[in-house]
Amino acid sequence: MNIDLSFYNLEMIRQYVLSGFLFSLQLTVIGTIGGIFFGTLLALMRLSGKRTFTIPAGAYVNMMRSIPLVMVILWFFLLMPSILGRPIGAEASAIITFIAFESAFFCEIMRSGIQSIPRGQIYAGQAMGMTYAQNMRLVILPQAFRNMIPVLLTQTIVLFQDTSLVYAIGAYDMLKGFEVAGKNYGRPIETYLAAAVIYFFICFGLSRLVKILQQRVAIIR
Amino acid sequence: MSWNWEVFCKSTLDENFSPVCFGTGGETTYLDWIMSAWGWTLSVSALGLLIAMVLGILMGALRTLPPDNFVTRLLATISNVWVELFRNIPVLVQVFLWYHVVPALIPVLKGLPSFILVSLALGFFTSSRIAEQVRAGIGALPRGQRFAAMAMGLTTFQSYRYVILPMALRIVIPPLTSESMNIIKNSSVAFAVSVAELTLFAMQAQEETSRGIEIYLGVTALYVVSALTVNRIMALIESKTRVPGFIVSASSGGH
């Protein structure tokens, strides 16, 4: 067999790969931001000590963590139209799925982040007369975020890798872009290899950054 | 909305329903199909886990070799590259590489069924994570263990075989448990290369029967049952192999 890379040019990349890459990126960014937001809420619920909050939040997180992501993607794609009452595209469904799925994982990260803050910080906030919300927003969560930045970023890299799984519902992400290009040019081997190389360099580069950050951000205790 | 669990008793070919739900006389029902799909999921996961354990323990051990000479440094570098390579490519892309690219580059692998190729992909992917855990487990051992082995006159291989690995592997059983559960979840990517496992069953049966919710619930339940079973088996292994009074937990640290 011989490898032929001559069909790689700007035109081909713009036509097939770029929109897929942008969707993967969009999914990663929205999934991370939404996941951290709802994950923090879930973590606060799990740590609230009130059964009406801890039981549903715990059940949700454990359920999401024990089902394969591909199945979660399929579930949302199946259920979303009847929940929203109208048809929904694969891309929109994927975005909702990733926020819902990743919030379970970010919840566990934020929970250990919040638990890493000494109790004295909470008491200090309370002694200052802060309400629960003020205490969390101004004292606990900023420190928890800071301590957890490397772990949150590592999870983001995992999330970026997981975006390739939207293949299951036919959403057009970067992997799909390479695949379609491979089919149209009759060169699947070169395009799968190129996809692997690009995923590798993005994820490897990001994980190097996380390592550097890990050394810079000292954990406050 | 109404439930229709009878869909599992329906024949996959016509509109007949089997009274015992399992197909009789050469007919297959959806229940037969989901059970065989479960078998494929478990087989792919088991074979993948076997490959991942062997390679992961090997690579994890190589990464901790003392940098005494050229050979050990080379081996440590190889295992570093290994881990970075297989950890930073999405598992689905790795499945495609094994299915489309590797047989074209290595003609010997051409005749292999996709079941084997997917197991290899899952095994190599998971081996990089297991290598990390094993390395951390070896790093968590007191250094005296290694020195004691050296003082006994054991070679490097012997000290790993008889002293370091037996202790380190016990330490890493909890993370290995979650990797074993992960590989069952990750085996769902095998749908992409048409291995007839649970996720592919879910997609095809949903389309054929339009009873997606019942089908998906069945598949999801089987995934959860599989993961819980693995969890219990690993807990059993952990309690059977415990060294009395030595290890409480890798994370709880010393006194």
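Residues numbered from 1 in each chain as written. Chains lettered and ligands numbered in written order. Predicted model: local features only at pLDDT ≥ 70, side-chain atom pairs only at ≥ 80, totals over all residues.

Draft legend 1. Just the overall build of chain A, in detail. What chain A contains, in helices and strands, is eight helices and zero strands. Ordered by position in the sequence, the α and β elements of chain A form the string α-α-α-α-α-α-α-α. When its C-alpha atoms are laid out on the principal axes, chain A stretches across 70 × 45 × 25 Å. Expressed as a percentage of the 221 residues in chain A, the buried residues total 36%. (Helix = DSSP H or I, 4+ residues; strand = E, 2+ residues; numbered from the N terminus. Buried ≥ 20, exposed ≤ 12 C-beta atoms within 10 Å, placed from the backbone.)

Draft legend 2. Structural detail: the overall build of chain B. The secondary structure content of chain B amounts to nine helices and zero strands. Sequence-ordered secondary structure for chain B, helices as α and strands as β, is α-α-α-α-α-α-α-α-α. In terms of overall dimensions, chain B has a C-alpha envelope of 75 × 45 × 30 Å along the principal axes. The 255 residues of chain B split such that 40% are buried. Contacts in chain B between residues at least 24 apart in sequence constitute 66% of all its contacts with a sequence separation of at least 6. (Contact = placed C-beta atoms within 7 Å.)

Draft legend 3. Highlighting the interface of chain B and chain A. Chain B puts 26 residues into the contact, and the matching count from chain A is 26 residues. Broken down by secondary-structure element, the contributors of at least two residues to the side of chain B that touches chain A are α3 (91-105), α8 (198-209) and α9 (212-240) of chain B.

Draft legend 4. Up close: helix α6 (residues 156-171) of chain B. Residues and elements named next belong to chain B. The largest bend in α6 is about 45°, located at I164, with the proline P166 one to four residues further on. Within α6, the full set of buried residues consists of Y160, I164, A168 and I171. Packed against the buried residues of α6 are α1 (30-62), α4 (114-140) and α5 (143-151). (Bend = angle between axes of the 7 residues up to and from the residue.)

Draft legend 5. Up close: the confidence of the model for chain A. Summing up the model confidence of chain A, the mean pLDDT is 89 and the portion of residues at 70 or higher is 94%. For chain A, helix α7 (residues 174-185) of chain A is the element with the lowest average pLDDT, namely 89, and helix α4 (residues 90-115) of chain A is the one with the highest, namely 94. (pLDDT = per-residue confidence, 0-100.)

Draft legend 6. Local environment of the nonpolar core. Counting residues in each nonpolar core, the largest one holds 112 residues, and the members touching the most others are A:I73, B:L92, B:V93, B:V95 and B:A121. Top element by residues in this core is α1(B). It accounts for twelve residues. Apart from the residues within four sequence positions on either side, B:L92 is in contact with A:S164, A:L165, A:Y167, A:L175, B:V189 and B:A192. (Core = buried A, V, L, I, M, F, W, Y, C linked by C-beta atoms within 7 Å.)

Draft legend 7. Local environment of the packing of α7(A) against helix α8 (residues 188-216) of chain A. All names here are of chain A. Between α7 and α8, the least distance of the axes is 8 Å, while the angle of their chain directions is 160°. Put simply, α7 runs roughly antiparallel to α8. Relative to α8, the crossing made by α7 is right-handed. Residues M174, L175, F178, E179, A181, G182 and K183 of α7 form the contact with α8, whose own contacting residues are P188, T191, Y192, A194 and A195. The residue inventory of the contact of α7 with α8, partitioned by class, reads eight nonpolar, two polar and two charged. (Axes fitted to C-alpha atoms, helices over the stretch in contact; angles between N-to-C directions. Parallel < 35°, antiparallel > 145°, perpendicular 65-115°, else oblique. Left-handed = near helix turned anticlockwise from the far one by under 90°. Nonpolar A, V, L, I, M, F, W, Y, C, P; charged D, E, K, R; others polar.)

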